[in-house]
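# Structural characterization, general
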Amino acid sequence: MAHYQAVGNIPPKRHTQHRRPGRGRAPGELYYEELMGEEGFSSDSSLLYHRNIPSTTVRAAVWELPDQSTTPNHPLVPRHLKLHDLFDAKAVRGTDVVTGRRLVLGNGDVRISYAVAAQPSPWYRNGIGDECVYVERGRARVETVFGSFDVGEGDYVILPRATTHRWIPRPSTKDPLRVYCIEANSHIAPPKRYLSKYGQLLEHAPYCERDLRQPDGPLLAEDIGARPDEQTEVYIKHRGSGPGGVVGTVHTLPFHPLDVVGWDGCLYPYVFNVRDFEPITGRIHQPPPVHQVFEGWNFVICNFVPRKVDYHPLAIPVPYYHSNVDSDEIMFYVDGDYEARKGSGIGKGSISVHPGGHPHGPQPGATEGSLGVERFDELAVMVDTFRPLELGEGGLAVDDGLYAASWSRGLGSTAAPGGAHSEG
Ligand SMILES: [Fe+2]
């Protein structure tokens, strides 16, 4: 984020003495300045002012991560993964957003996992890359060293690498907290083509700065009813020799991590709600890049939102068949009328995996059926990766095993075997 923010108590000049209030004529103790910056000292950064030395730790122990191993998609087939089958009601009661994630798909650039959680998470930071956590259902409070957010359905929560934070699900009579976690090995940001050379979101971008929610803050231990000197464990995901090159460590701090009295800069967590995405439409079918919302190294994130569709008199609103030669295409179906498409198997909570090297598109009959349609009422989040994805244990556990045959089964029938969404 190239949009400067200043929050809380900071000195007028960077890298100068900044002190607590003194007693009498004695100066107060110094705050400890930390620069949190991307790409060494060569990209966006923020300066945080801590009450404690931020490198302090009194103990380090191994955090045994959930299974991070992956299995190649070989022989190559498209797949349908039913995420809502991953957690039963009993499991949800004991699960948190950080330690309970189940790995669905992953490669050397990005890992996609899913959690349904009722418990507060431990304090956590991802030392490998940025996270984009999409809230499918439910509500939560996300507390970070930059401040906090109240988040709910449709929110993308962007958490820069090394941001110490935790997730606290809010009780809901309707839906438990369901999150779709996209963990990068890089940074996640708006597409470069949406930005001016100095980083402002341009007029043609489908969202702008006003649509982004910044953390309120500063947030200190005493603000959440904790003691500033409360010994606290912080779970750290970092690079290592485990499956996928990912391992975990728990550091014990002799104080509470919420000790930042102020910060400023251009690097901080933020939230964007999918309903603030303004769809770009045209007379004829628009290609998937118009749906892009974020990008990371070797992958993009797109969303398909309710919208008017193509209005040329001879338009075909559903897509042409396409062979995504250079990418795997992962569609997560959040909302829409998929239930009505009998025979496809695709419904809310489904993922379709359309791998590179295999053309895909609408089910038989869907092209003809779409003629004259003026609106799609759908909500889906898509991740396209430029390197093949492998299946995590969660993905393998809920693979319906039927999807690859669905196109051939549908030949000559009115059933909707595959590609039940507009973008195929
Ligand atoms: Fe597609």
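What comes next is a walk through the structure. (Residues numbered from 1 in each chain as written. Predicted model: local features only at pLDDT ≥ 70, side-chain atom pairs only at ≥ 80, totals over all residues. Heavy atoms only, no water.)

### A short note on the nonpolar core
Rules: By nonpolar core is meant a set of buried Ala, Val, Leu, Ile, Met, Phe, Trp, Tyr and Cys residues that side-chain atoms within 4.5 Å join together. Type-normalised accessible area, obtained with a 1.4 Å probe on protein chains alone, sets the label of each residue: buried when under 20%, exposed when over 50%, and partly exposed for intermediate values. Contact between two residues is taken to exist if any of their heavy atoms lie within 4.5 Å; hydrogens are not considered.
Tyr-156, Trp-167, Tyr-180, Phe-294 and Ile-301 are the most contacted members of the largest nonpolar core, which totals 77 residues. The contacts of Tyr-180, once residues within four sequence positions are left out, are Leu-83, Ile-112, Ser-113, Tyr-114, Cys-132, Val-133, Tyr-134, Ile-330, Phe-332, Ile-351 and Val-381. Counting residues in hydrophobic clusters, the runner-up holds ten residues, among them Ile-346, Ala-380, Met-382 and Trp-407.

### Side note on the pattern of salt bridges
How we decide: One speaks of a salt bridge when a side-chain nitrogen belonging to Lys or Arg is within 4 Å of a carboxyl oxygen belonging to Asp or Glu. Working definition: helices are DSSP H or I runs of at least four residues, strands are E runs of at least two. Numbering for both runs from the N terminus.
Scanning the model with the defined rule gives 20 salt bridges in all. For Glu-222, the salt bridge goes to Arg-51, with nearest N and O atoms at 2.6 Å. Remark: Arg-51 occurs in the loop between strand E3 (45-50) and strand E4 (59-63) and Glu-222 occurs in the loop between strand E16 (212-213) and strand E17 (232-239); sequence separation between them is 171 residues. With a relative accessible area of 18%, Arg-51 lands in the buried category. For Glu-143, the salt bridge goes to Arg-166, with nearest N and O atoms at 2.8 Å. Note that Glu-143 is positioned in strand E11 (residues 139-144) and Arg-166 in strand E14 (residues 165-170), a separation of 23 residues in sequence. Arg-166 matches Glu-143 in its accessibility class, with the two residues each being buried. Among the ionic contacts, a cluster of salt bridges with common partners joins Arg-101, Arg-111, Glu-131, Glu-183 and Lys-237.

### Looking at the layout of surface pockets
Our working rule: With a 1 Å grid spanning the protein atoms alone, the term cavity applies to any set of points in which a 1.4 Å probe fits but cannot get out, the term pocket to an open set with protein on both sides within 12 Å along at least five of seven lines, and the term lining residue to any residue with an atom within 4 Å of a point. Grid points are joined across faces, edges and corners, and a volume is the space filled by probe spheres set on the points. Put simply, Ala, Val, Leu, Ile, Met, Phe, Trp, Tyr, Cys and Pro go in the nonpolar bin, Asp, Glu, Lys and Arg in the charged bin, and everything else, Gly too, in the polar bin.
Approximately 650 Å³ is the volume found for the largest pocket. Along its surface, the largest pocket is lined by 27 residues, and Glu-38, Glu-39, His-187, Ala-189 and Lys-192 are the ones closest to its centre. Residues of the lining of the largest pocket, tallied by class, amount to 13 nonpolar, seven polar and seven charged. Taken as a whole, the second largest pocket holds about 360 Å³ of empty space.

### A look at the sheet that holds strand E2 (residues 32-37)
Within a beta sheet, neighbouring strands are joined by backbone hydrogen bonds and run either parallel or antiparallel to one another. Note the cut-off: When DSSP finds at least two bridges between two strands, those strands are taken to pair. Between N-to-C directions, angles span 0 to 180 degrees; the directions come from axes that are lines fitted to C-alpha atoms, helices contributing only their stretch in contact.
In spatial order, the strands read E1-E19-E3-E2; together these four strands make up an open sheet with antiparallel pairing. If you trace the sheet from one side to the other, it starts and ends with strand E1 (5-8) and E2, each paired once. The average angle at which neighbouring strand axes cross in this sheet is 15°, direction not considered. Summarising the sheet, E2 and E3 pair through six bridges and their orientation is antiparallel.

Function-wise, these values are silent; they only describe arrangement.
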